[in-house]
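Coordinate analysis (summary)
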Amino acid sequence: MREIDTDVCVVGGGPAGLVLALLMLRSGARVTVLECARAHQRVVRGEILQPGAMELLDALDVLSGARARGAHEHHRFLVMEGERVLLEADYRLLPAPYDHLLSVPRPHLLDELLARCRRSPGFRYLPGWRAGGLLRRDERIAGVIADGPPGRCAVRARVVVGADGRFSRVRRLAGIGAGRAEAFAQDVLWCALTASPEEPPVRDVRVFRTGGGPVLVYGSWPNRIQIGWTLPHRRYGHLAALGLDHVKERLVRAVPRYATLIRDQIRTPADLGVLDVFSARAERWAADGLVLIGDAAHTHSPIGAQGINLAVQDAVVLHPLLTRALAEGDTSAERLAEFERRRGPDIAAVMRMQTLQSRAILSQGAFTTRVRPRLARALRRTPLYRKILQRMAYGNPSIRIADAGVCGRT
C-alpha cells in the first residue's frame with residue numbers, strides 16, 4: 001500500500017478545507033488534501049459570498065482571481081410579496097469595496113484556491129480519493145486510509161482535519177455524534193435555469209413569499225437563474241407523485257416572471273434537486289489528532305447565505321491555533337478543542353440569527369405583511385439598521401488572517 005507522510009491531512013476540498021490548506025502552507029506545513037469528487041463535479045447550490053468572506057479571501061489574494069473567472073454582484077437581499085418589498089438588507093450601505101454580495105460558481109473559487117496551494121512544494125492534492133478509515137497510534141488518530149482509483153493509500157499525518165461536509169465520514173469514523181436539530185423542518189427544491197444573454201442580470205437576491213412556501217431567486221454567472229423553493233420537510237414526495245407538470249405549474253405560480261424558462265427547461269425530474277435542510281452541531285469538534293471544521297462541525301440552514309462565510313472564517317480561526325499546536329508537538333483533544341471554545345459562540349450567534357430570519361420569511365398574518373414592513377422602513381433610518389446589516393455581512397468582525405511569523409513555524 002502506498003504511503004504518504006504529511007503534517008496535515010485535510011479531508012474535504014471545499015472552501016473550508018482549501019482555505020485552511022493555503023493558510024497552513026503559508027506557515028510552512030506540509031499539507032495533503034483528500035477530495036472524493038474529481039474536478040469539482042459535485043452539484044453545489046451555495047455560491048454566495050458575504051462581505052466577511054470576500055475580505056478574507058481578498059487578503060489571501062484569491063478573490064480577484066475567482067471573480068475574473070466569472071461572478072455576479074448583488075446589491076440587496078429582499079423579502080417580497082408579489083412586487084411589494086416586505087424586508088430589505090441593502091448592502092450598498094456598507095463600506096466599499098465589500099458593499100455587495102457576490103455570487104461565484106463554486107468551481108471558480110475552488111480552482112483559484114487550488115492554484116494558490118499548488119505554488120507550494122509542500123502541497124499534495126488527491127482528487128477522487130475517499131477516507132475509508134482512520135489510522136491510529138497509541139489510541140490517537142495518526143492519519144487516514146484513503147480509497148482511490150489506484151487502490152488504497154495510507155496518509156500518515158500529525159493531525160487530521162475533517163472538512164468533509166454535513167454528512168462527514170471522518171466525523172463518523174471518529175465516533176463523534178452530530179445531533180440533528182429540526183429547527184427549520186424544511187426542504188428546498190432547487191433548479192437552475194438559463195436566461196437569454198440579452199436579459200439584464202438580476203442584481204438582488206430575492207425571496208418571494210407565496211402560499212405554497214417561500215421561493216429564493218438570484219442571478220448566477222454567466223446567465224443562470226437559481227431558484228430554491230422552500231417546502232415543509234418531506235413534502236416534495238407528495239408533490240412529485242402528482243407529476244412533473246404539476247410541480248412546474250406550482251413554481252410558475254410562485255415566480256411567474258420565469259414561467260417560460262420553467263416550462264421549457266425543466267424537462268425531467270433530474271432537472272430538480274432536493275436539499276434536506278437541518279441544523280446540527282457535532283457533540284465535540286476535536287479528538288486526539290483530529291479537528292472538525294465547517295459543516296462537519298456545525299451544519300446550518302441556507303437562509304441568509306452564511307455557508308461559505310462560516311467555512312472561510314473557520315479556517316482562519318483554526319489556522320494559528322493549529323500551527324502553534326504543531327510547532328509545540330501537542331495535537332491532543334484538549335489542545336485542539338481551543339478551536340471550538342473560540343469559534344463556538346460565533347456559531348451559536350449565527351444559528352440564532354438564522355432562526356429569526358426563518359421566522360420573518362415563513363410567518364403569516366397582518367403583522368408580517370403590514371406592520372413589519374413599516375417598522376423595517378423606520379429602522380433603516382437608525383444606526384441599529386447598519387449594525388444588524390454589519391452582523392449579517394461579517395459575523396464576528398474581529399476575525400483576521402494571522403501572520404505566519406506570529407503563528408510560529410512548524
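None of the values given here were measured: they were computed from a predicted structure.

Definitions and limits used
Residues numbered from 1 in each chain as written. Predicted model: local features only at pLDDT ≥ 70, side-chain atom pairs only at ≥ 80, totals over all residues. Heavy atoms only, no water. Helix = DSSP H or I, 4+ residues; strand = E, 2+ residues; numbered from the N terminus. Rg over C-alpha atoms; globule rule 2.2 N^0.38 Å. Buried < 20%, exposed > 50% of the residue type's maximum accessible area, 1.4 Å probe, protein only. Axes fitted to C-alpha atoms, helices over the stretch in contact; angles between N-to-C directions. Parallel < 35°, antiparallel > 145°, perpendicular 65-115°, else oblique. Left-handed = near helix turned anticlockwise from the far one by under 90°. Contact = heavy atoms within 4.5 Å. Nonpolar A, V, L, I, M, F, W, Y, C, P; charged D, E, K, R; others polar. Pairing = 2+ DSSP bridges. Phe/Tyr/Trp six-rings, centres within 6.5 Å; stacked < 30°, edge-to-face > 60°. Polar contact = N/O pair within 3.5 Å; in protein donor to acceptor, adjacent residues only side chain to side chain.

When helices and strands are counted, the protein chain shows 14 helices and 19 strands. Relative to the 2.2 N^0.38 estimate, which gives 22 Å for 410 residues, the radius of gyration of the protein chain is 22 Å and therefore close to what a compact globule would have. If one aligns the C-alpha atoms of the protein chain with their principal axes, the spans along those axes are about 60 × 50 × 40 Å. Taking all 410 residues of the protein chain together, the buried fraction comes to 53%.

Glancing now at the packing of helix α1 (residues 15–26) against helix α4 (residues 106–117). At a minimum axis separation of 9 Å, α1 and α4 run at an interaxial angle of 20 degrees. Comparing the axis directions of α1 and α4 gives the class roughly parallel. Note on packing geometry: the crossing formed by α1 with α4 is left-handed. On α4, the residues that touch P15, L18, V19, A21, L22 and L25 of α1 are R106, L109, L110, L113, L114, R116 and C117. For the contact of α1 with α4, the per-class residue count stands at eleven nonpolar, no polar and two charged.

Sheet strands line up and pair through hydrogen bonds in the backbone, either parallel or antiparallel. The strand order β3-β7-β4 describes an open sheet built from three strands, whose pairing is antiparallel. Taken across any chain shown, the strands that pair with only one partner, and hence form the sheet edges, are β3 (48–49) and β4 (72–74). Where β3 meets strand β7 (residues 101–103), two bridges bridge the pair, whose relative direction is antiparallel. Bridging from a neighbouring strand, L49 pairs with L102 of β7.

On to the packing of α1 against helix α9 (residues 307–327). The interhelical angle for the contact between α1 and α9, taken along N-to-C directions, is 35 degrees, at an axis separation of 8 Å. Between α1 and α9 lies a crossing whose hand is right-handed. Touching P15, A16, V19, L20, L23 and M24 of α1 are I308, A311, V312, A315, V316, L318, H319, L322, T323 and L326, all from α9.

According to the stated counting rule, one finds two aromatic pairs in the structure shown. Ring geometry for F123 versus Y125: centroids 6.3 Å apart, planes at 15 degrees, classification stacked. Per residue, the accessibility class of F123 equals that of Y125, and both read buried. A centroid spacing of 5.5 Å and a plane angle of 50 degrees characterise the contact between W285 and F339, whose relative ring orientation is tilted. Here W285 is found in the loop between β16 (273–282) and β17 (286–287), whereas its partner F339 is found in helix α11 (residues 338–362), with 54 residues between them in sequence. Note on W285: relative accessible area 1%, which makes it buried.

A few words now on the side chain of H300. As for its placement among the helices and strands, H300 is situated in the loop between β19 (298–299) and α9. In this structure H300 comes out as buried when scored by relative accessible area, which is 13%. Polar contacts involving the side chain of H300 include one to the side chain of H298, which spans 2.9 Å. Those residues within four positions of H300 in sequence are excluded, and the remaining contacts are F278, D295, L310, I347, V350, M351 and Q354.

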